[in-house]
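Residue-level structure breakdown
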4 protein chains.
Amino acid sequence: MSTDTKKLKILDSATQVFAEKGFLYATMAEIAKNAGISTGLTYSYFKNKLDILLSIVLGFLQHINLKNTEKLESASDPVEKIYAVFHNFEDLLLKDEKTLCLIKVLNEGLPHLVMINDQDLLEKRLNIIKENRKLIKTMDLIITEGQKKGVFDKTLSPSVIRQVLCGSIERVIYGLFFSYFSKEDIGYKKEDAGKAIELLINKFIKK
Amino acid sequence: MSTDTKKLKILDSATQVFAEKGFLYATMAEIAKNAGISTGLTYSYFKNKLDILLSIVLGFLQHINLKNTEKLESASDPVEKIYAVFHNFEDLLLKDEKTLCLIKVLNEGLPHLVMINDQDLLEKRLNIIKENRKLIKTMDLIITEGQKKGVFDKTLSPSVIRQVLCGSIERVIYGLFFSYFSKEDIGYKKEDAGKAIELLINKFIKK
Amino acid sequence: MSTDTKKLKILDSATQVFAEKGFLYATMAEIAKNAGISTGLTYSYFKNKLDILLSIVLGFLQHINLKNTEKLESASDPVEKIYAVFHNFEDLLLKDEKTLCLIKVLNEGLPHLVMINDQDLLEKRLNIIKENRKLIKTMDLIITEGQKKGVFDKTLSPSVIRQVLCGSIERVIYGLFFSYFSKEDIGYKKEDAGKAIELLINKFIKK
Amino acid sequence: MSTDTKKLKILDSATQVFAEKGFLYATMAEIAKNAGISTGLTYSYFKNKLDILLSIVLGFLQHINLKNTEKLESASDPVEKIYAVFHNFEDLLLKDEKTLCLIKVLNEGLPHLVMINDQDLLEKRLNIIKENRKLIKTMDLIITEGQKKGVFDKTLSPSVIRQVLCGSIERVIYGLFFSYFSKEDIGYKKEDAGKAIELLINKFIKK
DNA sequence: CATGAATGAGAGTTCATTCAT
DNA sequence: AATGAATGAACTCTCATTCAT
């Protein structure tokens, strides 16, 4: 198994354990065991537990920013663009049960940024902030453009609209994650997540 | 100071500390000190640290359910009703900086429900689940009623619509909380939270 | 038991354990147990294991510098003064079996100064360096004065003479410590330590 | 590279690292890297980390005992003999910066003897004790002889005199080592070490 | 012979929780 | 009722040592 493969194994394992138990209750021993390696080896790949959490968050942000850059190249009008961005969210988070776990980890991970003292993690922290800002900026620019072109509603500022969109998609996906873990019915299915965003764009954002 | 006053002091203090540091990094010593009492005394009022977290969450849920019951008595049509519910959210969370902290604690608190083993907390856990279900049911019934009466869009199931509404309001308020703590500008103000929900109801939910 | 008493208990216990096992093999659990308290409580009094070691070293240096200041006030000629300083060493280290252990800890402690990274211990480190410099300066000034007055041999520089004196007393006392622990005969007794220093001053240092 | 060459490389590397960091903070990985080999290979040549430390100490003791045997053959009177022994110390420790490191390692190494449990190292431990006793005996015999012949002062027992001599030379050399590493001036140079011992013999030991 | 990835025991350390005062 | 000193379980993390390659 190559170094990169093992790093991914750890991240995958941690994503699962963090999602199921929460960062607090997740132990390095369990993450390692779940990844099929020893506790000590984990520390060859990551500085510490927080580093793993941040790496998952950073990985997601980098991935989605990359996907956005790709997709937005070929998109021209704001409606098409905002669709593209949220389809990327769906593609990355709704792919399978494993990616579904990400929503919980992302939710839990970002607040931890505030508590980072470790010198070695400061760079990672800054990177996350940078990528997060990039993601936000991408969305806000599209919304601003749509408002300027007169295709988007102008009642609200782009930042509020973006929060509504992100909050909606996050909560809808979180419900699916919860349903997957608790085996409880939540009254909707994977397909409805996409439909919700579509409707949100069509009715809430468009003029 | 009466027993109830002291209990509230602890809950207030914990809300602040949990919001600022996160449940993991918050220590009982700090919560107690911040509440103006000794560490030991905290345990006369709450079983343990998790109990405090759950009490905050339960308190909020009970409060909002109570407010909903009150307000919904005098409301007749679904539009008015859904407005009422979300105005309650605003009233409870946007009152001042202190209540703003609740959004972070609620966000962090609910996932902890899964990890409760402590026999003494099981009842509290069930209570939270009960109140949460009640809140969800209240919203879903209004939406169902609106759809039946033909005033609400029927494309999506009530549960998805509710998730969109809740996710939106939560994220918009979370932004305000973040801005309050980090002193960073997020591009919108308190007033915009209400406006966002209003617009969401008018454009997204109504037919 | 008062706070200061307990702090002393820990330092005493650690001095014993460090002397017997060495810093590396000494565990916090053993130090605490030997002091009659729990592991955790140790951390209310000291930052960490290294802090304890440094505190012992610093305590000794402060003590001997204090004693020197006292004794040197009433001394006038360099011979008398250098006697005073080394009698202080004897008084502090040869008092009983407990103080004998100090010689081993001092020996082991000073080299650790180089490896201190911990921000919280930097101040203690600087204090140790300061007190150590003070002790050295005290001795060197006496020797310089003796040489100037023509009562001390001038072949060697004060710093070398001081190293010879310190090395001698340290090794002689170390021998006693070793004998105490191993129960082996080393060919001399406590009284000989003083005699050795006396002779060293009379024959080696005096003109 | 031959087996013996590699063994020496490891010992040299370890001497440096032990001197700089201390046994506790020195890692096998660094010792190996510094020796230009892999971590694992180190274990083909030495049982474990402690074995390396003991090997350095034993090597020094064997070397100095050998040199003493050589030099003492051609020496006849006690003064000449004691000179010879301490010139051997100088020759072995003051040769260059590398050998200077030995003084720190010897200082740190001997106390570790007490903590050896490992069956495989017991023999090495006994060897060190044997060689150490031999060295001590060599010095003590010379001093005894000098006292009997009436050329050495009889106030102190041979063992105390030997401790004074060893402590002095050790401390003087330690100062040079410290100065070499910290780049701080200590007020004397290599040449003064020899002068100090000479003077010590002439004034302190001789009648 | 040589590697260095992998192991896992065991240490330091934290802090929720208890309880003598 | 109130304190905060004291406990000790359980965590993270390190690194000497092993072993498949």
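The structure presented is a predicted model; accordingly, all values stated were derived computationally and were not measured.

In the region of DNA strand F, 27 residues are neighbours, and B:Lys6, C:Lys6, C:Ser38, C:Gly40 and D:Asn48 sit closest. Atoms of DNA strand F within 4 Å of the protein: sugar and phosphate make up 67%, bases the balance. Residue A:Tyr43 places a side-chain N or O atom 2.9 Å away from a phosphate oxygen belonging to DNA strand F. A distance of 3.3 Å separates a phosphate oxygen of DNA strand F from a polar side-chain atom of B:Tyr45. Mapped by element, the contributors of at least two residues to the surface near DNA strand F are helix 3 (39-45) of chain A, helix 3 (39-45) of chain B, helix 3 (39-45) of chain C together with helix 3 (39-45) of chain D. Its residues assigned to classes, the surface near DNA strand F comprises twelve nonpolar, eleven polar and four charged.

This part takes up the packing of helix 8 (residues 158-182) of chain C against helix 8 (residues 158-182) of chain D. Orientation of helix 8 of chain C relative to helix 8 of chain D, taken along the N-to-C sense of each, is 130°, at an axis distance of 7 Å. Comparing their axes, helix 8 of chain D and helix 8 of chain C come out oblique. Helix 8 of chain D is crossed by helix 8 of chain C, and the crossing has right-handed handedness. Packed against helix 8 of chain C, whose contacting residues are C:Val160, C:Gln163, C:Val164, C:Cys166, C:Gly167, C:Ser168, C:Glu170, C:Arg171, C:Val172 and C:Gly175, the element helix 8 of chain D presents D:Val160, D:Gln163, D:Val164, D:Cys166, D:Gly167, D:Ser168, D:Glu170, D:Arg171, D:Val172 and D:Gly175 at the interface.

Our focus in this paragraph is the relation of the copies chain C and chain D. Here chain C sits on chain D after a turn of 180° about the axis and a move of 0.1 Å along it, with an RMSD of 0.1 Å. Look at the turn and shift together and you get a two-fold axis relating the two. Scanning chain C for the C-alpha nearest the rotation axis identifies C:Gly167, at a separation of 2.2 Å. Both copies contact each other with a shared surface, as 100% of the interface residues of chain C are interface residues in chain D too.

On to the packing of aromatic side chains. Summed over the entire model, instances satisfying the criterion amount to 24 aromatic pairs over all chains. A centroid spacing of 6.3 Å and a plane angle of 40° characterise the contact between B:Phe60 and B:Phe89, whose relative ring orientation is tilted. Note that B:Phe60 is positioned in helix 4 (residues 49-73) and B:Phe89 in helix 5 (residues 78-93), a separation of 29 residues in sequence. On the basis of relative accessibility, which here comes to 7%, the residue B:Phe60 falls in the buried class. With a centroid separation of 5.7 Å and 70° between ring planes, the pair formed by D:Tyr174 and D:Phe177 is classed as edge-to-face. Of the two residues, D:Tyr174 and D:Phe177 are both situated in helix 8; the distance of three residues between them amounts to about one turn of the helix.

By a widely used convention, the size of an interface equals the accessible area lost when the partners come together. Counting residues at the interface gives 43 residues for chain C and 43 residues for chain D. Summing both partners gives a buried area of about 3500 Å² for chain C against chain D, and 63% of it is carried by carbon and sulfur. The interface formed by chain C and chain D contains six salt bridges. Here D:Glu170 and C:Arg171 are joined by a salt bridge, their closest N and O atoms 2.6 Å apart.

Rules used throughout
Residues numbered from 1 in each chain as written. Chains lettered and ligands numbered in written order. Predicted model: local features only at pLDDT ≥ 70, side-chain atom pairs only at ≥ 80, totals over all residues. Heavy atoms only, no water. Near = heavy atom within 4 Å. Polar contact = N/O pair within 3.5 Å; in protein donor to acceptor, adjacent residues only side chain to side chain. Helix = DSSP H or I, 4+ residues; strand = E, 2+ residues; numbered from the N terminus. Nonpolar A, V, L, I, M, F, W, Y, C, P; charged D, E, K, R; others polar. Axes fitted to C-alpha atoms, helices over the stretch in contact; angles between N-to-C directions. Parallel < 35°, antiparallel > 145°, perpendicular 65-115°, else oblique. Left-handed = near helix turned anticlockwise from the far one by under 90°. Contact = heavy atoms within 4.5 Å. Least-squares fit on C-alpha atoms with pLDDT ≥ 70 in both. Phe/Tyr/Trp six-rings, centres within 6.5 Å; stacked < 30°, edge-to-face > 60°. Buried < 20%, exposed > 50% of the residue type's maximum accessible area, 1.4 Å probe, protein only. Buried area = accessible area lost by both parts, 1.4 Å probe. Salt bridge = Lys/Arg side-chain N within 4 Å of Asp/Glu carboxyl O.

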